[in-house]
Amino acid sequence: MKTFLLSLAALFVTVAASAQVPSVKVENSKGESFDTAALLEEGTPMIISFWSTTCKPCIRELEAVYEALPDWLEEVDFRVVAVSTDDSRQLAKAKSFAEGRGWGSDFTLLFDKNQDFMRAMNVTVVPHVFVVDAKGKVVFSHTAYVQGGEVELFEAVKKSVRKK
Amino acid sequence: MKKVLLATLAVAFSFVSFADEKKDWGYVSASLESNNNLYVEDVVNNFYPSEQPQLKDGNTFATNNYLKVDWYKDRLSAGMQVEGYFPSLVGFAVSQNKMTLSNLYLSWKDKSYSVTAGSFYEQFGSGLLFRSWEDRMLGLNNAMLGVRATYGWEDKIAFKAFWGIPRLGKIDDNTAMMGYTDSFFGLGLTDVQVAGADLSVSLSNLLNMETVNLDLEGSVINKHEAMAEALAAAGCKENNIGWSGRLNMEYDGFFFKGEYVDAGKQIVSVPAAMNGRKAENGNAQLVELGYNGRGLGLTVTGRRMERMNQRIYNYAGADPGYGTSVNMLSYRPAMSTQYTYMLMTLNPYSPQVGDKVIKAGEIGGQVDAFYNFRRGTRVGGKRGMKVHANFSSWHSLDEKGSVEGSELLFRDFSFDVEKQWTRKFKSTLMYCYQNYNKNHDMTGLYIGKSHVVVADMLYKWSSKLSSRLELQYLSSKDDQKDWMAGLLEVNFAPHWSVFASDMWNHGDTGLHYYNGGVSFSMSHLRVAAGYGRYRAGYICSGGVCRAIPAYTGANLSLTASF
């Protein structure tokens with residue numbers, strides 16, 4: 001047990017390399033196959049937010065981002081990619097839910113029905129957000145959301161642009 | 001075993017070290033999840049730690065841990081997952097001080113093709129024919145160990161094929177089951193082999209149809225299983241072939257999805273018969289249609305399932321139903337609303353796959369409608385308003401698969417309104433009516449009725465301080481009659497959150513199910529601690545429900561992702 005915990009602690013202290021966005025097949029809102037590597041083609045920073053219809057904090061976070069987005073875009077050019085981790089039970093519902101919220105007009109909506117992208121990004125719980133810079137490097141990530149946490153997220157987006 | 005794991009960790013460390021040196025060694029991504037409970041005897045809740053099979057010699061502490069590490073270098077990736085149970089949490093399959101390597105893979109991904117050797121997850125269509133996935137809440141991980149290859153011709157044709165041995169995941173330490181071996185690095189493999197292929201053709205892209213999206217898809221699966229005499233006598237075959245055909249259409253927001261599945265021969269329990277089982281043909285039909293656009297999201301779903309048991313392996317002993325609940329090779333979820341408010345989740349629906357002779361399965365459907373009244377409209381007001389309604393109804397199929405002897409299994413209706421009143425105040429009001437079967441496996445005909453109302457209010461005191469209050473009431477003349485519940489959450493952005501809640505069954509038992517906790521999250525890390533009394537219930541997913549025993553105690557969970 002001790003060896004196990006020490007090994008884990010050592011591993012997490014050592015892991016510091018900058019992660020990127022792996023290539024994984026998911027679905028877009030039309031049900032077409034979409035390779036996540038294509039997200040990097042535009043060469044602009046982006047927020048990638050993993051959410052699900054049964055996760056209330058996820059919805060609150062995306063709503064907060066949706067409300068603030070027009071103001072944020074006046075300062076920085078970036079995109080928001082909302083990745084639903086709902087499986088077949090909720091997949092159709094997730095698409096209708098996102099449209100019912102108006103997210104489709106401002107966010108890139110992706111649907112990860114067997115959680116392949118989620119696993120590849122090592123997301124264990126949602127909400128989980130990543131800020132990816134224009135070069136495709138993950139420069140910020142955050143698990144969980146409390147009301148007001150979107151301010152820290154936007155600061156990370158601005159910082160990623162300054163880094164550029 | 002330990003040597004193997006330590007060696008694997010050493011390899012992971014070396015990759016990480018290389019990455020640190022900023023050489024072109026790719027990068028490492030990792031995650032850790034640790035769930036820990038300290039149990040306390042609670043006579044009122046009828047919970048005694050000493051009676052739990054995994055808590056021995058006065059031990060009251062249990063912990064489930066998962067470490068996953070992936071390494072990426074251009075088109076190459078490799079990874080592993082290690083699980084540790086010291087011992088496993090109460091309610092999960094019993095495991096004593098055990099660490100296992102659950103996943104290990106090497107993968108090459110090019111522009112048009114990919115090859116994976118080792119552990120992988122896969123899903124064909126909706127998963128009704130085949131799905132391998134992980135659900136840690138359910139204690140399920142039926143990853144395949146084998147080889148998978150995919151090929152895509154532009155965006156016109158996608159093909160994938162695999163061969164592998166399904167992992168059964170966690171089962172009892174003391175349970176000996178046919179088809180299960182724990183000898184291969186603790187991977188928990190069965191001696192069943194599965195091969196499958198899936199083809200998806202985009203007719204719209206082939207024919208350059210610009211406004212319509214039209215896909216034709218098909219899959220085939222072969223499960224090879226050693227035949228014990230009892231299984232062969234029941235009509236099972238060594239090689240069981242299943243297939244599915246699918247059609248997907250999308251035009252200007254309108255969509256249609258249709259899927260037909262033939263699952264081949266499936267085992268059905270026949271209690272009165274000599275050998276207790278017989279094999280019948282399994283099939284399912286799924287239809288989804290609706291419209292998404294202009295602030296409206298509308299989905300109509302219908303599904304019929306007959307003899308869709310689809311176990312990874314079939315037990316040859318006296319009781320054909322014997323085995324673990326995670327013994328499944330496909331995904332048959334409940335197609336009803338997955339509620340999140342406490343009192344709405346007391347009686348979840350568990351879909352009927354038709355594994356008992358008396359009922360061949362289920363038939364039913366649901367309708368979901370979401371609408372956004374935009375800002376500036378008469379109803380939406382200054383800040384808009386969101387409404388959602390759902391209706392679902394599910395009935396059993398009789399022994400012959402017909403609706404003639406059909407009985408109501410579950411029905412619900414819910415309606416919710418979300419309104420941002422001011423910059424600081426937001427509310428959600430929800431009503432739900434449920435007809436539920438008292439027995440989660442729907443074997444009984446006792447149907448209960450309940451009405452639940454919820455008020456969920458969020459107030460932002462400042463940019464960093466907010467509070468949320470949930471008030472809930474359940475009214476029922478059945479089962480444990482009336483309940484009430486409340487939750488108060490105070491958030492200090494961006495890191496801290498504290499909450500206290502109570503669920504009170506004042507209609508019958510008088511029991512309080514109290515709970516309180518605090519969570520801290522920063523960057524990659526989240527830590528949450530709490531103490532409470534938990535009611536017995538079910539976690540349901542994919543057509544199975546895991547019984548959660550009542551317990552009282554403290555919990556600490558940690559998740560980290562890099």
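What comes next concerns the included structure. Please read all numbers here as calculations on a predicted model, not as lab measurements.

## Considerations on the side chain of B:E280
Residue and element names in this part refer to chain B.
- Mapped onto the fold, E280 is located in strand β16 (residues 277–293).
- Take E280: its relative accessible area is 19%, and that puts it in the buried class.
- A distance of 2.9 Å separates the side chain of E280 from the side chain of K278, its partner in a polar contact.

## Description of the interface of chain A and chain B
- Counting residues at the interface gives 63 residues for chain A and 89 residues for chain B.
- Across the interface of chain A and chain B, roughly 6,400 Å² is buried in total on both sides, 56% from carbon and sulfur atoms.
- In this structure, the connection of chain A to chain B is made through 6 salt bridges.
- Measuring nitrogen to oxygen at the nearest pair gives 3.7 Å for the salt bridge that ties B:R131 to A:D87.
- Seen at the junction of chain A and chain B, the total is 31 residue pairs in polar contact (both at pLDDT 80 or more).
- The set of elements that each furnish at least two residues to the side of chain A that touches chain B consists of α1 (2–14), α2 (56–75), α3 (91–100), α5 (116–120) and β7 (138–143) of chain A.
- Residues belonging to the side of chain A that touches chain B are distributed by class as follows: 22 nonpolar, 24 polar and 17 charged.

## Here we look at the sheet that holds strand β1 (residues 25–28) of chain A
All names here are of chain A.
- One open sheet accounts for 7 strands, arranged β2-β1-β5-β4-β3-β6-β7; its pairing is mixed. This sheet does not close on itself; its edge strands, each paired only once, are β2 (33–35) and β7. Adjacent strand axes in the sheet meet at a mean angle of 30°, parallel and antiparallel pairs treated alike.
- With 2 bridges joining them, β1 and strand β5 (residues 108–111) adopt antiparallel strand pairing. Paired with N28 across the two strands is L110, which belongs to β5.
- Its contacts with the sheet put α2 on β3 (46–51), β4 (79–84) and β6 (128–132), and the angle it makes with β3 is roughly 155°.
- Each of β1, β3, β4 and β5 is contacted by α3, which is oriented at about 170° to β5, the strand it contacts most.

## Quick look at α2(A)
- Between its terminal C-alpha atoms α2(A) stretches 28 Å, which fits the 28 Å expected from 20 residues at 1.5 Å a residue.
- Along α2(A), the largest kink reaches about 55° and is centred on A:L69; proline A:P70 follows within four residues of it.

Rules used throughout
Residues numbered from 1 in each chain as written. Chains lettered and ligands numbered in written order. Predicted model: local features only at pLDDT ≥ 70, side-chain atom pairs only at ≥ 80, totals over all residues. Heavy atoms only, no water. Helix = DSSP H or I, 4+ residues; strand = E, 2+ residues; numbered from the N terminus. Buried < 20%, exposed > 50% of the residue type's maximum accessible area, 1.4 Å probe, protein only. Polar contact = N/O pair within 3.5 Å; in protein donor to acceptor, adjacent residues only side chain to side chain. Contact = heavy atoms within 4.5 Å. Buried area = accessible area lost by both parts, 1.4 Å probe. Salt bridge = Lys/Arg side-chain N within 4 Å of Asp/Glu carboxyl O. Nonpolar A, V, L, I, M, F, W, Y, C, P; charged D, E, K, R; others polar. Pairing = 2+ DSSP bridges. Axes fitted to C-alpha atoms, helices over the stretch in contact; angles between N-to-C directions. Expected span 1.5 Å × (residues − 1). Bend = angle between axes of the 7 residues up to and from the residue.

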